[in-house]
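Here's the letter readout for the chains.
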Amino acid sequence: MKFNNLKGKKVFVTGGSGVIGKELLPKFIDSGAIVFSGDLKPAPAEYIGKLLFREGDLNSLTQQEFDDFSPEILIHLAAAFERSMESDDFFEPNFTHNLQLTQHMFEMS
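Residues numbered from 1 in each chain as written. Predicted model: local features only at pLDDT ≥ 70, side-chain atom pairs only at ≥ 80, totals over all residues. Heavy atoms only, no water.

Let's talk about unusual backbone geometry
Inference 1: In this structure, Asn5 is a non-glycine residue whose phi angle is positive, near 60°.
Inference 2: Looking at the element boundaries, Asn5 is found in the segment before strand 1 (10-14).
Inference 3: Even without glycine at this site, Ser70 takes up a positive phi of about 50°.
Inference 4: Following the sequence through the fold, Ser70 ends up in the loop between helix 2 (63-69) and strand 4 (73-76).
Inference 5: Classification of Ser70 as partly exposed rests on a relative accessible area of 40%. (Helix = DSSP H or I, 4+ residues; strand = E, 2+ residues; numbered from the N terminus. Buried < 20%, exposed > 50% of the residue type's maximum accessible area, 1.4 Å probe, protein only.)

Have a look at this one:
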C-alpha cells in the first residue's frame, strides 16, 4: 500500500495496538490521514492525541459510531491467537475476535 495521497482520508484500523498495527499507524498519521483505531489493549502511548482510539471489544462498535467516522479505508488486523498449540480455552476468543469481529466489520462497511 502506498502511503501518499492519504491527506484527509479517513482510515479505520482494528488491532492498532498489535505488532502490525503499531507499525502501520505512524505511516497513516504521517501521511496526513485521519485515523481511528481500536483494540482490546490501550492505545500506544506515542499515538495518543494523534488519532481517535477506542479501547475494548470492537464487536460492540455500533453502526452509528462507524458511520459517524465514515472510513474510506478499513484495515482489519484485530485477531486473537496463541503462539503454539491452541488450548480448549482458546475456542471462544478465537471465534469472538477473529470470525465474529470480521463479520461485524464486514457488515458495517
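Some remarks on the pattern of salt bridges
Inference 1: Within this structure, the stated rule accounts for two salt bridges.
Inference 2: With a closest N to O distance of 3.7 Å, Glu72 and Lys9 form a salt bridge. Of the two residues, Glu72 is situated in the loop between helix 2 and strand 4 and Lys9 in the segment before strand 1; the sequence distance between them amounts to 63 residues.
Inference 3: Classification of Glu72 as partly exposed rests on a relative accessible area of 47%.
Inference 4: For Lys9, a relative accessible area of 31% gives the class partly exposed.
Inference 5: Across the pair Glu65 and Arg54 runs a salt bridge, and its minimum N-O distance is 3.1 Å. Placement of Glu65 in helix 2 and of Arg54 in strand 3 (residues 52-55) is noted, with a sequence separation of eleven residues between them.
Inference 6: Its relative accessible area of 29% is what places Glu65 among the partly exposed residues.
Inference 7: Given a relative accessible area of 18%, Arg54 falls into the buried group. (Salt bridge = Lys/Arg side-chain N within 4 Å of Asp/Glu carboxyl O.)

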